[in-house]
Amino acid sequence: MKKLANKVALVSGGSRGIGAAIVRRLAADGAKVAFTYSRSAEKADAIVAEINAAGGSAIAISADSSIAADIINSVNKTVAEFGGLDILVNNAGIYIGKDFPEHTIEEYDQVMDVNVKAVFVAALEAVKHLKAGGRIITIGSNMAENAIGPQTTLYTMSKSALQGFTRGLARDLGPKGIAVTLVQPGPTNTDMNPDNTEQADYARSRMALAEYGTAEDVAGLVSFLAGDEGRQITGSWVTIDGGFNA
Ligand SMILES: NC(=O)c1ccc[n+]([C@@H]2O[C@H](COP(=O)([O-])OP(=O)(O)OC[C@H]3O[C@@H](n4cnc5c(N)ncnc54)[C@H](OP(=O)(O)O)[C@@H]3O)[C@@H](O)[C@H]2O)c1
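What counts and what doesn't
Residues numbered from 1 in each chain as written. Predicted model: local features only at pLDDT ≥ 70, side-chain atom pairs only at ≥ 80, totals over all residues. Near = placed C-beta within 6 Å. Helix = DSSP H or I, 4+ residues; strand = E, 2+ residues; numbered from the N terminus. Contact = placed C-beta atoms within 7 Å. Expected span 1.5 Å × (residues − 1). Buried ≥ 20, exposed ≤ 12 C-beta atoms within 10 Å, placed from the backbone. Bend = angle between axes of the 7 residues up to and from the residue. Axes fitted to C-alpha atoms, helices over the stretch in contact; angles between N-to-C directions. Left-handed = near helix turned anticlockwise from the far one by under 90°. Pairing = 2+ DSSP bridges.

Near the ligand, the surroundings consist of 29 residues, among which G13, G17, S65, G93 and T190 are the closest. Elements supplying a minimum of two residues to the shell around the ligand: α1 (17-28) and β2 (32-37). For the shell around the ligand, the element with the highest residue contribution is α1, accounting for 3 residues.

Now for the environment of T152. Here T152 shows up in the loop between β5 (135-139) and α5 (153-173). The sequence separation of T152 and M112 amounts to 40 residues, and the corresponding C-alpha distance is 13 Å. Not counting chain neighbours up to four residues away, the residues in contact with T152 comprise G97, M143 and A147.

With 12 residues, helix α7 (residues 215-226) ought to run about 16 Å at 1.5 Å a step, and its terminal C-alpha atoms sit 16 Å apart, in line with that. Listed in full, the buried residues belonging to α7 are A215, V218, A219, L221, V222, S223, L225 and A226. Elements that come into contact with the buried residues of α7 comprise α1, β4 (87-90), β5, β6 (179-185) and β7 (236-240).

Let us look at helix α4 (residues 105-126). End to end, α4 covers 29 Å across 22 residues, agreeing with the expected 32 Å (1.5 Å per residue, within 8%). The largest bend along α4 reaches roughly 50 degrees and is located at D113. Those residues of α4 that sit buried are V111, V114, N115, V116, A118, V119, V121, A122, A123, E125 and A126. In this structure, the buried side of α4 is in contact with α3 (68-82), β4, β5 and α5.

It is worth spelling out the packing of α3 against α4 at this point. Contact geometry for α3 and α4: axes closest at 9 Å, N-to-C directions at 35 degrees. Of the two elements, α3 crosses α4, and the hand of that crossing is right-handed. Contacts from A68, I71, I72 and V75 of α3 reach α4 at A118, V121, A122, E125 and A126.

What the 7 strands build is an open sheet, ordered β3-β2-β1-β4-β5-β6-β7; its pairing is parallel. Each having just a single partner strand, β3 (57-62) and β7 make up the two edges of the open sheet. This sheet shows a mean twist of 15 degrees between the axes of neighbouring strands, independent of strand direction. Where β5 and β6 come together, 5 bridges link them in parallel fashion. Bridge pairing in β6 links T138 to L182. Packing of α5 onto the sheet brings it into contact with β5, β6 and β7, and relative to β6 it is tilted by some 160 degrees.

And the structure:
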């Protein structure tokens, strides 16, 4: 029997990058997987078709993480389609990098809505359905502990908030047997952070392993935390950054 057989997962931002790898990995582990997307409808449909053709179960839900009603709807659709919810993965995130004086208050709202508020809203709705053994896994960033340089204030601020969220919520949900964790990737080759730029060369120069991670590396860690072997990990984070923060 596959390790996540009979489990239902919801992944935000599953159409591309790290989220797409998490969707594929949890489906390969046997979970029924719902995931959200905001703009990449064609990519989302292709992932659903791929998973269903391989004998798995997946659905894609159009939901903008900056809109609370969309997030609530995504939880409810998942439960309606698959009969429950066991694993919530908050993955959707955005980065706006600018010299600090150039930032606008609207950009603050954009980044905080998707990177922080959406995580809070999704958890608030998910706890109505999660049972003992449930998981809330959020994708933060190694930058919560190491702002790599200028133009990172807003993003770093948003990812640091997830550490407090993870600690507090682990205390709140521990009595219900639900584990809450944070995965903090470092440089990972996706549209957000391609591995073939000048900035990537600089990032590699700061990493102990000097090699970008892949979305699949992060998905493997999420799979571990979601499975039975991860059951005792809560209120803490795992940094997966090739030694960037070493
Ligand atoms: N790549 C890295 O080096 C790195 C390092 C540390 C942490 N992270 C974190 O890892 C997570 C995934 O990053 P990534 O590199 O995979 O990014 P990415 O390649 O830009 O993909 C972002 C994903 O999030 C979705 N998304 C963005 N805004 C959304 C919104 N408003 N509503 C719903 N979905 C939305 C996108 O969906 P659509 O295309 O459908 O809009 C896409 O599926 C983020 O939280 C990011 O901060 C990444």
